[in-house]
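Structure at a glance
Residue-level listing of the chains:
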Amino acid sequence: CITANVVAMAFESWKPAEWQNRLQEVANSFFGLLFGFECLTKLMALHPSRYFDSNWNRFDYCLVIVSMGQKAVDTMQATLPLHPSILRVARILRIF
């Protein structure tokens, strides 16, 4: 699933066609929801105290929160001092 997310992010280009923009939107929403569901499921299964014992789970949780925050900012069409696509790069770090 992580590899598919990286492949989807690799479709981003300098002057994307409309279909690339739409694919990016759908992929970001899909993977954000999928990783959010995974995070929520693990939180419920392990209980928060045990879930947050793992540094990887903490890292995944932070990435999910950032992804959800980015989606909220995109939905509200708010402006940020930094481009939201920079936040997407952090998701690649899940590979390591």
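I will try to describe carefully the structure that is included in this document. Not measured: the values here are computed from a predicted model.

**Concerning the overall build of the chain**
A tally of helices and strands in the chain yields five helices and zero strands. In the chain, the order of α-helices and β-strands from amino to carboxyl end is α-α-α-α-α. Of all 96 residues assigned to the chain, the portion counted as buried reaches 27%. Taking contacts inside the chain between residues at least 6 apart in sequence as the whole, the part at least 24 apart equals 56%.

**Concerning helix α1 (residues 2-9)**
Turning to α1, its buried residues number three or more, namely Asn5, Ala8 and Met9. Down the axis of α1, the sector holding all buried residues measures 95 degrees, keeping them to one side.

**A closer look at the nonpolar core**
Counting eight residues, the largest nonpolar core consists of Ala8, Ala27, Phe31, Phe35, Cys39, Leu43, Tyr51 and Val64. Examining the composition of this core, we find that five residues originate from one element, helix α2 (residues 18-46), more than from any other.

**Structural notes on the packing of α1 against α2**
Relative to each other, α1 and α2 sit at 155 degrees, their axes nearing to 10 Å. Comparing their axes, α2 and α1 come out roughly antiparallel. Like other packed secondary-structure pairs, α1 and α2 cross with a definite hand, here left-handed. Of the residues in α2, those touching α1 at Ile2, Ala4, Asn5, Ala8 and Met9 are Gln24, Ala27, Phe31 and Phe35.

**Overview of the pattern of salt bridges**
Applying the stated criterion across every chain yields a total of one salt bridge. The residue Arg22 makes a salt bridge to Glu25 at a minimum N-O spacing of 3.1 Å. On the criterion of helical spacing, the pair formed by Arg22 and Glu25 is a turn pair, its members being three residues apart in helix α2.

The rules behind the values
Residues numbered from 1 in each chain as written. Predicted model: local features only at pLDDT ≥ 70, side-chain atom pairs only at ≥ 80, totals over all residues. Heavy atoms only, no water. Helix = DSSP H or I, 4+ residues; strand = E, 2+ residues; numbered from the N terminus. Buried < 20%, exposed > 50% of the residue type's maximum accessible area, 1.4 Å probe, protein only. Contact = heavy atoms within 4.5 Å. Arc of directions from axis to C-beta. Core = buried A, V, L, I, M, F, W, Y, C linked by side-chain atoms within 4.5 Å. Axes fitted to C-alpha atoms, helices over the stretch in contact; angles between N-to-C directions. Parallel < 35°, antiparallel > 145°, perpendicular 65-115°, else oblique. Left-handed = near helix turned anticlockwise from the far one by under 90°. Salt bridge = Lys/Arg side-chain N within 4 Å of Asp/Glu carboxyl O.

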